[in-house]
Amino acid sequence: MDTRSLVWWQWWNVAVVLYLWVWVPMCLSQATPSPQQQGEKLKFRLAGYPRKHNEGRVEIFYKGEWGTICDDDFTLENARVLCRQMGFVGATGWRHSAKYGPGTGKIWLDNVQCSGTEKSIEFCQSRGWGNSDCTHDEDAGVICKDERLPGFIESNIIEMQVDENRLEEIRLRPLLDGTAKRLPITEGIVEVKYKVGWAQICDVGWTSKNSRVICGMMGFPSEKKTKKNLYKQIKMRATKTKPKVIGSSATRMLGDRGQVNYRIHSVACTGNEVHLSVCSMEFSKANVSVPCQGGRPVVVSCVAGPQFSQISGKKPKIKQVTVRLKGGWKVGEGRVEVLKNNEWGTVCDDRWNLQSASVVCRELGFGTAKEALTGARMGQGLGPIHMNEVLCSGQEKSLWNCPFKNITSENCHHLEDASVKCNVPYIGFEKTINITGGRTRFEGRVELLNPDANGTEGWGLICGEGWTTREAMVVCRQLGLGYANGALKETWYWDSSNVTDVVMSGVKCAGDEMRISDCQHHKSVSCKKAGTRFAAGVICSETASDLILHAPLVEQTVYIEDRPLHMLYCAAEEDCLSKSAAKANWPYGHRRLLRFSSQIHNIGRADFRPKAGRHSWVWHECHRHYHSMDIFTHYDLLSINGTKVADGHKASFCLEDTDCHEGISKRYECANFGEQGITVGCWDQYRHDIDCQWIDITDVKPGNYILQVVINPNFEVAESDFTNNAMKCNCKYDGHRVWLHKCHLGDSFSEEAEKKFEKYPGQLNNQIS
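Just so you know, these numbers come straight off a predicted model, no measurement behind them. (Residues numbered from 1 in each chain as written. Predicted model: local features only at pLDDT ≥ 70, side-chain atom pairs only at ≥ 80, totals over all residues. Heavy atoms only, no water.)

Draft legend 1. Layout of the overall build of the chain. For the chain, the count of helices and strands is twelve helices and 41 strands. Per-residue burial over the chain gives 51% buried out of 769 residues. Summarising the internal contacts of the chain: among those between residues at least 6 apart in sequence, 70% fall at separations of at least 24. Entry remark: accessible area of the chain is about 38300 Å², with carbon and sulfur atoms responsible for 51%. (Helix = DSSP H or I, 4+ residues; strand = E, 2+ residues; numbered from the N terminus. Buried < 20%, exposed > 50% of the residue type's maximum accessible area, 1.4 Å probe, protein only. Contact = heavy atoms within 4.5 Å. Areas by Shrake-Rupley, 256 points an atom, 1.4 Å probe, with all protein chains shown as cover.)

Structural data, given as structure tokens:
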């Protein structure tokens, strides 16, 4: 071969190698059709143990089988795409080499390369579906940012893996079919989802600790012993029903489709697990002649918490409450707050985990925790932080029995407030209510399932007269749609069903009821405007604002000013003076004003916006500003027995972001007809020297009083929590000077401390007779 031929041959070899290196993987990636090509919708989940709810091994459900992703060429961009698909806003990291344990089954993807902007992992480059040279020791995991995408619906099913088997869903099946109508189900046969049906667990060696875990998963705080003769009772009750199905009556009660199918045995839980799949157990093997020798299917009895025992007519035991949940829109979820020295405070999220969260849930009468949330996911508290680095075993009766560290201002802030989502019993309240005709599933006219005089159930409307945000809050909660963003008294443009009869009127709710039928309402329907146009409607939202007043600032800035009448014409025009001012000798004389600054924080999860749109704001020429709400704040001076002796009010003439926490930008500014509102994490400050930032106390006699400030008093704008909208102070007025003492939010003290506050006679160092 001559030199030219040799050079040509070498170049040909290089070209072939490059072709194989570049084009063969591309061909391989097209060998297996993608889910998009086959019209199959992928499912994703995080798996492995131990892990938090926002991290784990990535698993994909494709072609009827769960599989994993190999960590070869894995990047943070891949993790971002996957986390968004699982409902999180983004990713903070990823893990290689089966950090969360090796998976089983297929390895669906390998050499995945995403840019980070793809809507789905299937649009990223890879070797192709099912084409991998990896083992499960190379399974990839992700750590997602602990914040959900707006509108994402979270699953109530906890999915974990034990060896090669999975427990994806567990239920309590009532002992007799008729008992299923009585919710919640507190006693039944434990069944696990297996293939296309349900299977049972062998009760040989079953302990109360195992039952405790099952009850926690079902939303109950504790277990109780099942009756020794339970199976005999089941057989007797089944015999009385004279079933037509062939086979043993006990078998029909306990088995699915006429036979018992044992799937699990030898279960050994410690009692502190949040899910049965974490316990030690064995799975029944196929072709075993006697799968549960000498045993029967497991039956568990649970004790319902106070909120759910009320449904069955039992009176709950009243005990001193030292922990509570705030800011959540579902029953059994919210920011964790604890009581210390008669004052409520939050818990820092350092080392916050499912075991500690489960102690909170059980203490409040729920089951174990589904999620232990960090980063103030249920809004920030305002006030003391009482606990840090809480480390419960799961067996404690109260969070205060767990080891924890005290807080210093340097090591924790309210941006780190801990929250929980608890397992709660299924009570089916959402089946008795419906909304129809809305533009989205979050809005519509309210329809209620109501029995008539003959006991026949039918759908009917609710009268819109007197319908407010608090009633709408209960409806949205009952539907599982979050907070109330709007309460509509007229729904004429949503006429979309044949339901026309009004079945409920005069509804008045506190706002914390679990269903609308628990609220006060007329015994017999009385509705002046009974047409479908005037039926009650709601607009629900997954997020809401939450306003609170910074009480210490009020206490620090209070003073008395004698202001000349000639400087109060604008204030009089806006009705900011007491009634006696109209009889004064204008412009001579003065009015005595109790003045103070107020700082209103938005600690919720949505911006606070005026109910009225810009087109309906009212211009006030005197002060040269727009009023976006009729009344934004009430200022009341009350006597010790609660009688109002003087009052003031504040329209939101300039609702804006005065300042914000670090890292948060201002969004609202009133100048030049700007947008009005308060951003999450920001506050609006009304200085003491602004008109109407006062109470006219000209006619008030010296004595001891209570100063009360109420934000959003008419519930015009939806909030996640209205219980913290009022602030109270002890007020002492001697005719020349004024003192405020013990200023606090209405829900920040214990009941005992609040009673003492109301009876407080005054400051002892300046007693007035």
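Draft legend 2. The nonpolar core, seen in detail. Phe-632, Leu-637, Leu-707 and Met-727 are the most contacted members of the largest nonpolar core, which totals 38 residues. Listed by contribution, the elements that provide at least two residues to this core are strand E28 (547–549), helix H10 (551–557), strand E34 (633–638), strand E39 (703–711), strand E40 (726–733) and strand E41 (738–745). Listed in part, the 26 residues of the second largest apolar core include Ile-435, Phe-442, Leu-448 and Met-473. (Core = buried A, V, L, I, M, F, W, Y, C linked by side-chain atoms within 4.5 Å.)

Draft legend 3. Looking closely at the confidence of the model for the chain. Across the chain, the average pLDDT comes to 83, with 83% of residues at or above 70. This stretch, residues 16–31, has a pLDDT under 50; its non-local contacts, to residues over four places away or in other chains, come to nine contacts. Segment residues 241–258: pLDDT under 50, and 32 contacts once partners within four positions in sequence are set aside and those in other chains are kept. (pLDDT = per-residue confidence, 0-100.)

Draft legend 4. Representation of the pairing of strand E30 (residues 590–595) within the structure. Summarising burial for E30: five of the six residues are buried, a large majority. Bridge count for strand E29 (residues 559–564) against E30 is six bridges, and the pairing is antiparallel. Bridging across to E30, Asp-562 finds its partner in Arg-592. Bridging between E30 and strand E38 (residues 694–696) involves three bridges; their strand directions are antiparallel. Bridging from a neighbouring strand, Leu-593 pairs with Asp-696 of E38. (Pairing = 2+ DSSP bridges.)

Draft legend 5. Representation of the sheet that holds E34 in the model. With antiparallel pairing, five strands are arranged side by side in an open sheet as E35-E34-E39-E40-E41. The open sheet terminates on both sides in strands that have one partner only, identified here as strand E35 (644–650) and E41. Looking at each pair of strands side by side, their axes are set apart by 20 degrees on average, direction ignored. Across eight bridges, the pairing between E39 and E40 is antiparallel. Looking at the pairing, Val-709 lines up with Met-727 of E40. Here helix H12 (residues 751–758) sits on the sheet and contacts E39, E40 and E41; the angle it forms with E40, its principal contact strand, is near 30 degrees. (Axes fitted to C-alpha atoms, helices over the stretch in contact; angles between N-to-C directions.)

Draft legend 6. Structural detail: the pairing of strand E31 (residues 598–602). Where burial is concerned, most of E31 is hidden: five out of the five residues are buried. With burial as the criterion, each face of E31 is covered, one bearing Ser-598, Ile-600 and Asn-602 and the other bearing Gln-599 and His-601. Sheet analysis places E28 next to E31, joined by three bridges and oriented antiparallel. Paired with Ile-548 across the two strands is His-601, which belongs to E31.

Draft legend 7. How the structure looks around the packing of aromatic side chains. What the rule picks out here adds up to 17 aromatic pairs. Here the guanidinium or amino end of Arg-614 rests over the ring plane of Phe-673, the centre of that ring lying 4.1 Å away. (Phe/Tyr/Trp six-rings, centres within 6.5 Å; stacked < 30°, edge-to-face > 60°. Lys NZ or Arg CZ within 6 Å of the ring centre and 35° of its normal.)

Draft legend 8. A look at the state of the cysteines. Taken as a whole, this structure holds 15 disulfides when the rule is applied. Shown here is the disulfide that connects Cys-348 with Cys-412, its sulfur atoms set 1.8 Å apart. In this structure the cystine formed by Cys-348 and Cys-412 twists about its S-S bond by roughly 100 degrees; its chirality is therefore right-handed. Taken together, the residues span a long stretch of sequence, with Cys-348 in the loop between strand E18 (343–347) and helix H8 (354–363) and Cys-412 in the loop between strand E20 (385–387) and strand E21 (419–422) at a distance of 64 residues. Across a sulfur-sulfur distance of 2.0 Å, Cys-660 and Cys-682 are joined as a disulfide pair. Across the S-S bond of Cys-660 and Cys-682 the torsion is about 100 degrees, and the bridge reads as right-handed. Of the two residues, Cys-660 sits in strand E36 (residues 659–660) while Cys-682 sits in strand E37 (residues 682–686), which places them 22 residues apart along the sequence. (Disulfide = S-S within 2.5 Å.)

Draft legend 9. Broad picture of helix H4 (residues 208–217). The element H4 is extensively covered by neighbouring structure, given that eight of its ten residues are classed as buried. Every buried residue of H4 is accounted for by Asn-210, Ser-211, Arg-212, Val-213, Ile-214, Cys-215, Gly-216 and Met-217. Elements that come into contact with the buried residues of H4 comprise strand E9 (170–173), strand E10 (187–194), strand E12 (222–224), strand E13 (262–268), strand E15 (299–303) and H8. With its phi angle positive at about 100 degrees, Gly-219 sits one or two positions after the end of H4.

Draft legend 10. Focus on the side chain of Glu-447. Looking at the secondary structure, you find Glu-447 in strand E23 (residues 443–451). An unpaired buried charge is present at Glu-447: no salt bridge exists, and Arg-445, the closest side chain of opposite charge, is 5.6 Å distant. There is a polar contact of 3.0 Å between the side chain of Glu-447 and the side chain of Thr-436. Beyond its immediate stretch of four places on either side in the chain, Glu-447 contacts Thr-432, Ile-433, Asn-434, Thr-436, Trp-459, Gly-460, Leu-461, Ser-497 and Val-499. (Lys, Arg positive; Asp, Glu negative; His and termini not counted. Salt bridge = Lys/Arg side-chain N within 4 Å of Asp/Glu carboxyl O. Polar contact = N/O pair within 3.5 Å; in protein donor to acceptor, adjacent residues only side chain to side chain.)

Draft legend 11. Region of the structure containing the pattern of salt bridges. Taken as a whole, this structure holds 30 salt bridges when the rule is applied. A salt bridge links Glu-337 to Arg-335; the nearest nitrogen and oxygen atoms lie 3.1 Å apart. The two residues Glu-337 and Arg-335 agree in class, both being buried. One salt bridge connects Asp-636 with Lys-644, and the closest N-O pair in it is separated by 3.7 Å. Classification of Asp-636 as buried rests on a relative accessible area of 7%. When its relative accessible area of 46% is taken as the criterion, Lys-644 is described as partly exposed. Connected through shared salt-bridge partners, Arg-324, Lys-326, Arg-335, Glu-337, Asp-721 and Asp-747 make up one network.

Draft legend 12. Spatial organisation of the sheet that holds E37. Taken together, four strands build an open sheet; the order of strands is E28-E31-E37-E36 and the sheet is antiparallel. For this open sheet the edge positions go to E28 and E36, each flanked by a neighbour on one side alone. Two elements, E31 and E37, share four bridges in a ladder whose sense is antiparallel. The residue bridging Ser-598 from the neighbouring strand is Tyr-686, located in E37.

Draft legend 13. Representation of unusual backbone geometry in the model. The omega angle of the peptide bond from Trp-586 to Pro-587 is -5 degrees, so this bond is cis rather than trans. On the secondary structure map, Pro-587 appears in the loop between helix H11 (569–573) and E30. Phi at Asn-111 is positive, roughly 55 degrees, even though this residue is not glycine. Take Asn-111: it is sitting in the loop between strand E5 (106–109) and strand E6 (141–144). Even without being a glycine, Asn-342 presents a positive backbone phi close to 65 degrees.

Draft legend 14. Expanded view of H8. Burial of H8 is extensive: eight of the ten residues sit out of reach of the surface. Burial in H8 covers these residues: Ser-356, Ala-357, Ser-358, Val-359, Val-360, Cys-361, Arg-362 and Glu-363. In this structure, the buried side of H8 is in contact with H4, E12, strand E16 (323–326), strand E17 (333–340), strand E19 (369–373) and E21. The backbone nitrogen of Gln-355 has a side-chain oxygen 3.2 Å away, supplied by the residue at the start of H8, namely Asn-353. Count one or two residues on from H8 and you reach Gly-365, which has phi positive near 95 degrees.

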